[in-house]
Amino acid sequence: QVQLVEPGGGLVQAGGSLRLSCAASGRTFSSYGMAWFRHAPGKEREFVGAMSRSGANTQYKDSVKGRFSMSRDNAKNTVNLQMNSLKYEDTAVYYCAAGRWMGITLATMDENYAYWGQGTQVTVSS
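Residues numbered from 1 in each chain as written. Predicted model: local features only at pLDDT ≥ 70, side-chain atom pairs only at ≥ 80, totals over all residues. Heavy atoms only, no water.

### Structural notes on a nonpolar patch on the surface
A surface patch of nonpolar side chains, about 320 Å² in accessible area, is lined by Met-102, Leu-106 and Met-109. Note on placement: Leu-106 falls in the loop between strand E9 (92-99) and strand E10 (113-116). Residue Leu-106 is classed as partly exposed on the basis of its relative accessible area of 33%. (Patch = residues over 30% accessible without salt bridge, like charges linked within 9 Å, V, L, I, M, F, W, Y side chains within 5 Å. Areas by Shrake-Rupley, 256 points an atom, 1.4 Å probe, with all protein chains shown as cover. Salt bridge = Lys/Arg side-chain N within 4 Å of Asp/Glu carboxyl O. Helix = DSSP H or I, 4+ residues; strand = E, 2+ residues; numbered from the N terminus. Buried < 20%, exposed > 50% of the residue type's maximum accessible area, 1.4 Å probe, protein only.)

### A short note on the packing of aromatic side chains
For the structure shown, the criterion picks out 6 aromatic pairs. Centre to centre, the rings of Phe-37 and Phe-47 are 5.6 Å apart; their planes meet at 75°, and the pair counts as edge-to-face. Within this pair, whereas Phe-37 is found in strand E4 (residues 33-39), its partner Phe-47 is found in strand E5 (residues 46-51), the two being separated by 10 residues in sequence. The exposure class assigned to Phe-37 is buried, which follows from its relative accessible area of 1%. Put simply, the rings of Phe-37, Phe-47, Trp-101, Tyr-113 and Trp-116 pair up and form one aromatic cluster. Above the face of the Trp-116 ring, Arg-45 is positioned so that its terminal group lies 4.4 Å from the ring centre. Just above the ring of Tyr-32 sits the side chain of Arg-100; from NZ or CZ to the centre is 4.5 Å. (Phe/Tyr/Trp six-rings, centres within 6.5 Å; stacked < 30°, edge-to-face > 60°. Lys NZ or Arg CZ within 6 Å of the ring centre and 35° of its normal.)

### Re the state of the cysteines
Here a disulfide denotes a covalent bond joining the sulfur atom of one cysteine to the sulfur atom of another. Inspection of the entire model under this criterion finds 1 disulfide. Between the sulfur atoms of Cys-22 and its disulfide mate Cys-96 the distance is 2.0 Å. Disulfide Cys-22-Cys-96: torsion about the S-S bond near 55°, hence right-handed. Pair noted here: Cys-22 is in strand E3 (residues 18-25) and Cys-96 is in strand E9, with a separation of 74 residues, a long-range link. For the pair Cys-22 and Cys-96, one class covers both residues: buried. (Disulfide = S-S within 2.5 Å.)

Here it is, written out as structure tokens:
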């Protein structure tokens with residue numbers, strides 16, 4: 001059993017920055033790859049980024065490359081998403097997820113994630 005809690009979120013002006021955090025408990029955090037997904041009204045849930053168990057490998061959605069970055073601290077059982085240069089189109093509910101995959105290129109598939117956070121709203125104003 002893994003529980004994921006997502007403090008953070010909020011209202012940010014376009015061009016601003018926001019840092020999301022996800023705290024894990026219940027099992028060894030370092031046993032799982034971690035990812036962020038987002039879901040906006042009227043759109044399908046989409047992959048944002050992922051990081052391997054060791055933190056050595058990452059994968060990002062093309063539209064957030066260079067603006068978003070993930071980090072993890074296995075000692076603190078946390079994973080973060082630093083979001084810079086935010087755009088109105090980034091508005092969504094953001095979810096962290098824990099899972100396992102064979103190769104970072106498979107991290108975009110939501111079926112590989114067994115544990116999900118409750119979601120946190122990110123709203124970017126124009």
